[in-house]
Amino acid sequence: MTSTTAPRRARLPRTLRERRDPRPQNLLLALLALALGGFAIGTTEYVTMGLLPEIAEGVGVSIPHAGHVISAYAVGVVVGAPVIVSLTARLPKHALAIGLVAALALGNLLTAIAPTYETLLGARFLAGLPHGAYFGVASLVAASLVSPQRRGRAVASVMLGLAAANLIGVPASTFLGQLLGWRAAYWVVVALAVVTMGFIGAFVPQQQPDTSATVRRELRALRQPQVLLTAGVGAVGFGGLFAVYSYIAPITTDVTMMSAGFVPWVLFVYGVGSIAGTELGGRLADHALFGWLCATLVAMALLLAVFAYTAEHGLLLLVGVFLLSTAAAALGLLLQMRLMEVAGSAKMLGAALNHSALNAANALGAWLGGATIAAGFGYLATAWVGVGLSLAGLVILIVSAWLYRGERLSLSLAH
């Protein structure tokens, strides 16, 4: 007898069902939630620069002394990334991301209520601690949600939050801080962090913890030449951008001879370039990661050299800032993907280490640029400092490639 009942569809194995989750619409919301954390971090990192005079007056110190508040945050990033990632490697990444955003909220809450200069320094250090670790775990989660061929673009989606902060979050928070007092800007970041926690909890899929992870395994990545060299590329090569960008306001007013009111437009163009470069970097990383990393460093050096000759003209200044920002954002994304690749099992540490390296680049580029200006060479000489740093980063990358080729050759001969 032939059954008329329709055959039941074969049930997919559990691993395949899990691989299909989240569904496309949930994937978009998950990436948006992770990007929102980047938006909050980018806002708190850069808004201090826009409100430095107000902060200095508010806590009763000079503007140069208030500048140490920026340094305190950068030190927190450099220290926090490897330490937090190593100590929390076994925690579920979903819960870890929420915890890091909660730490960000706490650091900004303490910033907003800091009564003295000393407590403000401590609050900014604490606010910087979760910065690199968050981008490490968020990048890893984003990459796990898509196929290997789309991981670069998924990580770029997270980094777009940081780029969007330069375009929207920083100008808006700066305006609010000038209108209502500098502390209001950090209350905005607290609110953003709370919203981010809710979004991550609602839309980012929970993942199984890595029970095999240990502090020793994570820190072992710091002894790998490829990890150290790639971080060195970021710390040195990316410094080329900061040698110029740290002094973009006086370049605009004293070299291009534009009014101070033109500076926000320059910063706006920088933000647009950051978004374009992040999107571009994600696509390049999915094709030929190392080759495009080399090409981007060369492009940075060439663009900085051209900038030295063209920044005296208003329109060309805007074009130069846009192209530099685009190249720099693409470079940062490519470096992050490279570190995740060479870190082996410590991928989260690799992704987090990139932000430690970029903050070191910030300090190095600004210091060398300032020393060049103080020596009497002028503001545009910072572009030539940037050229040197970009080429130095390229040399480190070439050494990395040479050592990697030697390692591969040794392995092939051993077998």
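Report follows, based on the coordinates.

Procedures and definitions
Residues numbered from 1 in each chain as written. Predicted model: local features only at pLDDT ≥ 70, side-chain atom pairs only at ≥ 80, totals over all residues. Heavy atoms only, no water. 1 Å grid on protein atoms, 1.4 Å probe; cavity = no way out; pocket = protein on both sides within 12 Å on 5 of 7 lines; lining within 4 Å. Points joined across faces, edges and corners; volume = space filled by probe spheres on them. Helix = DSSP H or I, 4+ residues; strand = E, 2+ residues; numbered from the N terminus. Nonpolar A, V, L, I, M, F, W, Y, C, P; charged D, E, K, R; others polar. Axes fitted to C-alpha atoms, helices over the stretch in contact; angles between N-to-C directions. Parallel < 35°, antiparallel > 145°, perpendicular 65-115°, else oblique. Left-handed = near helix turned anticlockwise from the far one by under 90°. Contact = heavy atoms within 4.5 Å. Expected span 1.5 Å × (residues − 1). Buried < 20%, exposed > 50% of the residue type's maximum accessible area, 1.4 Å probe, protein only. Core = buried A, V, L, I, M, F, W, Y, C linked by side-chain atoms within 4.5 Å.

Here the largest pocket defines a volume of roughly 1,200 Å³. In this structure, the largest pocket is lined by 35 residues; those nearest its centre are Tyr46, Met49, Gly50, Tyr245 and Leu267. Looking at the lining of the largest pocket, the elements that each hand over two or more residues are helix H2 (24-50), helix H3 (52-59), helix H5 (68-87), helix H8 (151-180), helix H12 (239-245), helix H13 (248-255), helix H14 (263-285) and helix H17 (347-374). Looking at side-chain class alone, the lining of the largest pocket contains 25 nonpolar, 10 polar and no charged residues.

The next thing to look at is the packing of helix H6 (residues 93-113) against helix H9 (residues 183-203). Taken N-terminus to C-terminus, the directions of H6 and H9 make an angle of 165°; their axes are 8 Å apart at the nearest point. If you check the angle between H6 and H9, you find them roughly antiparallel. The two elements H6 and H9 cross, and the hand of that crossing is left-handed. Residues His94, Ala97, Ile98, Val101, Ala102, Leu104, Ala105, Asn108, Leu109, Thr111, Ala112 and Ile113 of H6 touch H9, and the partners they reach there are Arg183, Tyr186, Trp187, Val189, Val190, Ala193, Thr196, Met197, Ile200 and Gly201. Residue composition of the contact of H6 with H9, grouped by class: 16 nonpolar, 5 polar and 1 charged.

For helix H16 (residues 314-342), which comprises 29 residues, the first-to-last C-alpha distance of 42 Å matches the rise-based estimate of 42 Å (1.5 Å per residue) to within 8%. Most of H16 is tucked away: 23 of the 29 residues are buried.

Quick look at the nonpolar core now. By size, the foremost hydrophobic cluster in this structure holds 94 residues, and its most contacted members are Leu34, Tyr134, Phe238, Leu241, Phe307, Leu317 and Val321. Per element, the largest residue contribution to this core is 12 residues, and it comes from H16. If we skip the residues at most four places from it in the chain, Phe307 touches Val244, Ile248, Ile251, Leu317, Gly320, Val321, Leu324, Leu380 and Ala383. Within the second largest apolar cluster, 12 residues are counted, among which are Val47, Ile55, Ala112 and Trp182.

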